[in-house]
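# Architecture at a glance
Single-letter residue listing:
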Amino acid sequence: MDKFIIEGGYSLRGAVKISGSKNAALPIMAATLLLDKDCVLNNIPHLNDTLVMNKLVNILGGKVSFEGNTVRTANKKIKEFKAPYDLVKTMRASVYVMGALLGRFNKAEVALPGGCIIGERPINLHLMGFEKLGAKITIEHGYIKARAKKLRGADIYLDTVSVGATANILMAAVYAQGETIIRNAAQEPHIVDLSNFLNKMGAKISGQGTNTIKLTGVTSLKGGAYSVISDYIEAGTFMVAAAITNGKIELQNAPADNLEAIKDNLKDTGSEVKIKNKLIIVKGSKIPKPSKIDTAPYPGFPTDMQAQWMALMSVSSGTSIINETIWEKRFMHVPELNRMGADIATKGNTAVVKGVKGLSGAPVMVSDLRAGASLVLAGLRAKGTTEISRIYHLDRGYEKIEKKLEALGAKIRRFK
Ligand code: EPZ
């Protein structure tokens, strides 16, 4: 298994180009299953997760090629309607093919995703939405089956804001007869991007980016080209990299509009943040000030930045409080950060982070994608050498992370 060795203590300086958004690319790649026409997707990040989605669409009978950051799909003929356990267990976003297959063919079968290191991750709201649209759901032998004679628009209320349920219901409802309303919908940039993609292909969706999304069913979609938005979580991670190393990084192609929460919190902790069109320039401060954050659905502070933020707060000048309100077990990075000299205690979903003067390099292990990002950030700041194992988690969601960091002056190497 590959690992990273980081020699910490260098300020990062220079420019970095932000890649396409993983969490937009995955549902959009799945949504190409709704199209019987060819489609070209640009700015798709080359990651383990997008490769898995590529493989899944191919297994279902679609024709997908993935070259550079371009995915070409020709999904006229789909012959399989079942997403196998082998793939679903490696990537939970596989569940997105369910909404797309159900929407186009009125049938879909997907292995029930199991638990996950960051929390239980139920999909009851996805299934409730499919049922409201007229599908019959059965669960047998570890697979969920959805079947419908005909899908009809419905008024659907999500009692918890869910990115996955909003995206899956959107896809299932594109061809459903009449009007569908999704209330308490997720407002994340990737939901807006999925809606914009579907609209470009001919869907009739409005209200994306608010908590009430409306769709009017259409009878056909066309093909075409679409470019996926940049990844605001990758951008946020590099912003924190500038802050934690007291460096100065210019982020190119960054989705500045989606980064308000990170920007405001970084400024409050003493970093300078300047935004000019698609450029974000972050200049760190020597010792960040402490902060209090609660993770929340967009536009709140993203749970997918919580671990990275904690790495920054571990070297702040005081005590920070971090409440994780989305996932019940998303503190797996805490014991690893403490191995590097951090002083973090957790109780339930709250972490109390007492800033320390310095971190020291140590061997640490990655438990999940964003925990991995926080350990890389801590390693960049720490004195001495940090050896990070199980970095395959990072390869799921950060494109060429070590190359980008190296170009900014980090001493990071991958060992196979
Ligand atoms: C998406 O996961 C992201 N994944 C996650 O990013 C992210 O942490 C999460 O949204 C929250 O922003 C992708 O986009 C591929 P949810 P998702 O459904 O869709 C509860 C990363 O690091 N819930 O919005 O699975 C659930 O338990 C990953 O890139 C239900 O109760 O998350 C959670 O508390 C990790 N029933 C809350 O909603 C349901 O049916 C939000 O989950 C669905 C969810």
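Thresholds, definitions, all that
- Residues numbered from 1 in each chain as written.
- Predicted model: local features only at pLDDT ≥ 70, side-chain atom pairs only at ≥ 80, totals over all residues.
- Heavy atoms only, no water.
- Pairing = 2+ DSSP bridges.
- Helix = DSSP H or I, 4+ residues; strand = E, 2+ residues; numbered from the N terminus.
- Axes fitted to C-alpha atoms, helices over the stretch in contact; angles between N-to-C directions.
- Contact = heavy atoms within 4.5 Å.
- Domains from an automatic or database assignment.
- Buried area = accessible area lost by both parts, 1.4 Å probe.
- Salt bridge = Lys/Arg side-chain N within 4 Å of Asp/Glu carboxyl O.
- Phe/Tyr/Trp six-rings, centres within 6.5 Å; stacked < 30°, edge-to-face > 60°.
- Buried < 20%, exposed > 50% of the residue type's maximum accessible area, 1.4 Å probe, protein only.
- Lys NZ or Arg CZ within 6 Å of the ring centre and 35° of its normal.
- Near = heavy atom within 4 Å.
- Polar contact = N/O pair within 3.5 Å; in protein donor to acceptor, adjacent residues only side chain to side chain.
- Areas by Shrake-Rupley, 256 points an atom, 1.4 Å probe, with all protein chains shown as cover.
- Nonpolar A, V, L, I, M, F, W, Y, C, P; charged D, E, K, R; others polar.
- 1 Å grid on protein atoms, 1.4 Å probe; cavity = no way out; pocket = protein on both sides within 12 Å on 5 of 7 lines; lining within 4 Å.
- Points joined across faces, edges and corners; volume = space filled by probe spheres on them.

## So, the sheet that holds strand β1 (residues 3-7)
- Ordered by their spatial adjacency, four strands build an open sheet running β22-β23-β1-β24, and the pairing between neighbours is mixed. The open sheet has two edge strands with one neighbour each: β22 (363-365) and β24 (411-415). On average, each strand axis in the sheet is inclined to that of its neighbour by 20 degrees, with strand direction left out of account.
- Across four bridges, the pairing between β1 and strand β23 (residues 385-389) is antiparallel. By the bridge assignment, Phe 4 is partnered in β23 with Ile 388.
- Sheet contacts for helix α12 (residues 369-381): β1, β22 and β23; angle to β1, the most-contacted strand, approximately 30 degrees.

## Observations concerning the pairing of strand β16 (residues 272-276)
- By the bridge criterion, five bridges tie β16 to strand β17 (residues 279-283) in an arrangement that is antiparallel. Across the sheet, the residue bridging to Glu 272 is Lys 283, located in β17.

## So, unusual backbone geometry
- A cis amide bond, omega 10 degrees, links Tyr 298 with the succeeding residue Pro 299.
- Locating Pro 299 in the fold gives a position in the loop between β18 (292-294) and α10 (306-313).
- Of note in this structure, Asn 277 is not a glycine but carries a positive phi near 50 degrees.
- Here Asn 277 is to be found in the loop between β16 and β17.
- Its identity is not glycine, yet Arg 390 carries a phi of approximately 60 degrees, on the positive side.
- Position of Arg 390 relative to the elements: it lies in the loop between β23 and α13 (392-395).

## Examining the pairing of β17
- Inspection of the sheet shows strand β15 (residues 248-252) paired to β17 by four bridges, in the antiparallel sense. Its bridge partner lying in β17, Leu 251 is registered against Ile 280.
- In this antiparallel pair of consecutive strands, β16 and β17, the connection spans two residues, and Asn 277 shows a positive phi of 50 degrees.

## Observations concerning the domain arrangement of the protein
- Looking at the protein, the domain boundaries give domain 1 (3-19 + 230-415) and domain 2 (22-227).
- Relative to domain 2, the C-alpha centre of domain 1 lies at a distance of 30 Å.
- Of the residues lining the interface, 23 residues belong to domain 1; the matching set on domain 2 comes to 23 residues.
- Taking both partners together, domain 1 and domain 2 bury about 1900 Å²; carbon and sulfur atoms supply 54% of that area.
- The interface formed by domain 1 and domain 2 holds one salt bridge in total.
- We note a salt bridge from Arg 396 to Asp 49, for which the minimum N-O separation is 2.8 Å.

## Focus: the packing of aromatic side chains
- Enumeration over the complete set of coordinates arrives at four aromatic pairs.
- Between Phe 197 and Tyr 226 the ring centres are 5.5 Å apart and the planes differ by 75 degrees, which places this aromatic pair in the edge-to-face class. Residue Phe 197 is located in helix α7 (residues 189-200), and its partner Tyr 226 is located in strand β14 (residues 224-227); the two are separated by 29 residues in the primary sequence. Tyr 226 shares its class with Phe 197; the two are buried.
- Here the guanidinium or amino end of Lys 82 rests over the ring plane of Tyr 143, the centre of that ring lying 4.6 Å away.

## What about the site of the ligand?
- Surrounding the ligand, one finds 22 residues, the nearest of these being Ser 162, Val 163, Asp 304, Ile 326 and Arg 370.
- Take Asn 124: an N or O atom from its side chain is 2.7 Å from a nitrogen atom of the ligand.
- Val 163 is positioned such that a nitrogen or oxygen atom in its backbone is 2.7 Å from an oxygen atom of the ligand.
- The fraction of the free accessible surface of the ligand (830 Å²) that becomes covered by protein chains is 86%.
- At the level of elements, α1 (22-31), α5 (124-132), α6 (163-173) and α12 are the ones that each hand at least two residues to the shell around the ligand.
- When residues of the shell around the ligand are assigned to their parent elements, the largest contribution, three residues, is made by α5.
- Of the residues that constitute the shell around the ligand, the class distribution is 10 nonpolar, seven polar and five charged.
- Taken together, domain 1 (3-19 + 230-415) and domain 2 (22-227) each give at least three residues to the shell around the ligand, which thus spans both.

## A short note on empty space enclosed by the protein
- For the structure shown, the criterion picks out three cavities of 30 Å³ or more.
- Among the elements of the structure, α8 (232-244), α12 and α14 (401-407) are those that each provide at least two residues to the lining of the largest cavity.
- Looking at which element gives the most residues to the lining of the largest cavity, the answer is α12, with four residues.
- The residue makeup of the lining of the largest cavity, split by class, is eight nonpolar, one polar and no charged.
- Volume-wise, the second largest cavity comes out at about 40 Å³.
- Taken together, Ser 21, Asn 23, His 190, Asp 231, Tyr 232, Ile 233 and Arg 370 form the lining of the second largest cavity.
- Grouping the constituent residues of the lining of the second largest cavity by class yields two nonpolar, three polar and two charged.

## Structural notes on helix α4 (residues 96-105)
- Among the 10 residues of α4, nine are classified as buried, and the element is accordingly described as predominantly covered.
- Along α4, the residues classified as buried are Tyr 96, Val 97, Met 98, Gly 99, Ala 100, Leu 101, Leu 102, Gly 103 and Arg 104.
- One or two residues past the end of α4 sits Asn 106, with phi positive at roughly 65 degrees.

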